[in-house]
Amino acid sequence: MNLLLDAVVLGVLLGCFYAAVSLGLSVAFGLLDVPHVAHPAFLVLASYCVFFLNDRFDIDPLLAGLSISPLLFLFGLAVYRLYYETFERRGSDAGVRGIAFFFGIAFIVEVLIILQFGVDQRSVTASYIGKAWRIGQMRIPLRMLVAFAVASALTILLALYMSKTFMGRAIRAVAQDQEALRLMGANPVRIKQWAFGIATAVLGIAGALLIIVAPVEPTLDRAYIGRTFCVVVMAGLGSISGTLIAAIILGVAENIVLTLFGASWAPAISFAMLLGVLAIRPQGLLGRRL
């Protein structure tokens, strides 16, 4: 029972971290219907940028992640414009060709990371890494508590932005009815480009959390493709609050399986849950139907 309680508590902390790394995909795929399979590769790229700033200039990982967010925003604007002009603008088959486009982008990013940093694992240093809090017999790594707090705050801030600001409501509107938005004088393409920029910018903080939680390597994006898409689909497309709930469910399930059956079974949980959600409840917990 003690092991199971530990697994649940650490699973909740891990789930909030999964929410942070899935928020950008929730916007790009959930709201914009962009098949952004390069999202985990962008996440790992952000982690390596954080590593560079921490290693070269001794900047705290969270501050480093915050500082690269504006650059990631501009990068996201450029990527979406290229995607739109090359694929989406040409017709209804943009989804299939778009998947190939983003797989190509992900491969290029992975190769560039290997060329620049090599294939070895990289980690960062900070005062809260390597320490732990003890509550009774339970030992909670401080880095997981930091990830939990930052991920929760990031989720709340993004949810407030999407519901309380004009641009956030415009992003939700473009996901529902682009023609109505055009009639109101807004440009759906520019709004989607802005939204994709935001989806990429939040990876600055998410990438910092990724390298705080554990060391990173260039091929780590492959481990997060199933997890991030599972969280977004299980949450319901476009649901920011649902992303947090779904991520916690996944984190707890993974940690319980890890505790009871071993590490080899844990990566399969996300794909199993993804298939189960698609079969039983395609609209997810709080979102719209696929």
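A quick note: this is a predicted structure, and the numbers were derived from the prediction, not measured.

Visitor: Looking at this structure, I do not really get the overall build of the protein. What am I missing?
Guide: Counting secondary structure elements, the protein contains 12 helices and two strands. Ordered by position in the sequence, the α and β elements of the protein form the string α-α-α-α-β-β-α-α-α-α-α-α-α-α. In summary, the protein has a C-alpha radius of gyration of 19 Å against a globular reference of 19 Å for 290 residues, a match within 12%. Projected onto its principal axes, the C-alpha coordinates of the protein cover approximately 60 × 45 × 35 Å. The buried share among the 290 residues of the protein stands at 52%. Of the contacts formed within the protein by residues at least 6 apart in sequence, a portion of 75% connects residues at least 24 apart. For the protein, the accessible area works out to roughly 13600 Å², and carbon and sulfur atoms hold 67% of it. Computing the positive centroid from 21 side-chain charges and the negative centroid from 15, the protein places the two 6 Å apart.

Visitor: Which parts of the structure should I look at to understand the pattern of salt bridges?
Guide: When charged atoms on two side chains of opposite charge get close, those side chains can pair. Across all of its chains, the model carries three salt bridges by this definition. A salt bridge links glutamate 254 to arginine 227, with the nearest nitrogen and oxygen atoms 2.8 Å apart. Placement of the pair is glutamate 254 in helix H11 (residues 240-261) and arginine 227 in helix H10 (residues 221-235), with a sequence separation of 27 residues. Pair check on accessibility: glutamate 254 and arginine 227 agree, each one buried.

Visitor: Is there a simple way to explain a nonpolar patch on the surface in this structure?
Guide: A contiguous nonpolar surface patch, about 520 Å² in accessible area, is contributed by Leu4, Val8, Leu260, Phe261 and Trp265. Within the residue set of the nonpolar patch, elements represented by two or more residues are helix H1 (2-31) and H11. Considering the arrangement of structural elements, one finds leucine 260 in helix H11.

Visitor: Would you explain the pairing of strand S1 (residues 132-135) in this entry?
Guide: Bridge count for S1 against strand S2 (residues 138-141) is four bridges, and the pairing is antiparallel. Each bridged residue has a counterpart across the sheet, and for isoleucine 135 the counterpart in S2 is methionine 138. In sequence, S1 turns back onto S2 through a hairpin of two residues, with glycine 136 there showing a positive phi of about 65°.

Visitor: Explanation requested: the packing of aromatic side chains in the structure shown.
Guide: Centre-to-centre distance and the angle between the planes together describe a pair of aromatic rings. In this structure the tally under the stated criterion is 16 aromatic pairs. With a centroid separation of 6.4 Å and an interplanar angle of 25°, the aromatic rings of tyrosine 80 and tyrosine 84 are classed as stacked. You can see tyrosine 80 and its partner tyrosine 84 sitting in helix H3 (residues 61-86), four residues apart, about one turn around the helix. Pair check on accessibility: tyrosine 80 and tyrosine 84 agree, each one buried. Through a chain of ring-to-ring contacts, three or more aromatic side chains come together here, namely Tyr80, Tyr83, Tyr84, Phe101, Phe102 and Phe196.

Visitor: Honestly, helix H2 (residues 39-57) in this entry has me stumped. Any pointers?
Guide: Three or four residues apart is the spacing at which side chains of an α-helix point the same way, because the helix has 3.6 residues per turn. Compared with the 27 Å implied by 1.5 Å per residue over 19 residues, the 27 Å span of H2 between its first and last C-alpha is a close match. Two residues or fewer after H2 comes aspartate 58, characterised by a positive phi angle close to 55°.

Visitor: What exactly am I supposed to notice about the side chain of serine 270 here?
Guide: Along the chain, serine 270 turns up in helix H12 (residues 266-280). Aside from chain neighbours lying at most four places away, what touches serine 270 is Gly226, Arg227, Cys230 and Leu250.

Visitor: What am I meant to see in unusual backbone geometry here?
Guide: Outside of glycine, negative phi angles account for most residues, and trans bonds account for most peptide bonds. At aspartate 33, a position not held by glycine, the phi torsion is positive, near 60°. As for its position among the elements, aspartate 33 is in the loop between H1 and H2. Even without glycine at this site, aspartate 58 takes up a positive phi of about 55°. Mapped onto the elements, aspartate 58 comes out in the loop between H2 and H3.

Visitor: Help me understand the nonpolar core, please; the structure alone is not making it clear to me.
Guide: The tendency in soluble globular proteins is for nonpolar side chains to be buried as a group. Grouped together as the largest cluster of nonpolar side chains are 99 residues, with contacts concentrated most on Phe17, Phe102, Phe196, Leu210 and Leu250. Considering each element in turn, this core owes the most residues, 14 residues, to H1. Not counting residues within four places of it along the chain, the set of residues in contact with phenylalanine 17 comprises Ala147, Ala151, Leu209, Leu210, Val213 and Tyr224.

Visitor: Hey, could you run me through the state of the cysteines in this one?
Guide: Linking two cysteines covalently through their sulfur atoms gives a disulfide. Applying the stated criterion across every chain, the model contains zero disulfides. No disulfide involves cysteine 16; its sulfur sits 16 Å from that of cysteine 230, the nearest cysteine. Among the residues examined, cysteine 16 registers a relative accessible area of 2% and is labelled buried.

What counts, and at which threshold
- Residues numbered from 1 in each chain as written.
- Predicted model: local features only at pLDDT ≥ 70, side-chain atom pairs only at ≥ 80, totals over all residues.
- Heavy atoms only, no water.
- Helix = DSSP H or I, 4+ residues; strand = E, 2+ residues; numbered from the N terminus.
- Rg over C-alpha atoms; globule rule 2.2 N^0.38 Å.
- Buried < 20%, exposed > 50% of the residue type's maximum accessible area, 1.4 Å probe, protein only.
- Contact = heavy atoms within 4.5 Å.
- Areas by Shrake-Rupley, 256 points an atom, 1.4 Å probe, with all protein chains shown as cover.
- Lys, Arg positive; Asp, Glu negative; His and termini not counted.
- Charge placed at Lys NZ, Arg CZ, Asp CG, Glu CD.
- Salt bridge = Lys/Arg side-chain N within 4 Å of Asp/Glu carboxyl O.
- Patch = residues over 30% accessible without salt bridge, like charges linked within 9 Å, V, L, I, M, F, W, Y side chains within 5 Å.
- Pairing = 2+ DSSP bridges.
- Phe/Tyr/Trp six-rings, centres within 6.5 Å; stacked < 30°, edge-to-face > 60°.
- Expected span 1.5 Å × (residues − 1).
- Core = buried A, V, L, I, M, F, W, Y, C linked by side-chain atoms within 4.5 Å.
- Disulfide = S-S within 2.5 Å.

Spatial relationships are all this shows, so hold off on functional conclusions.
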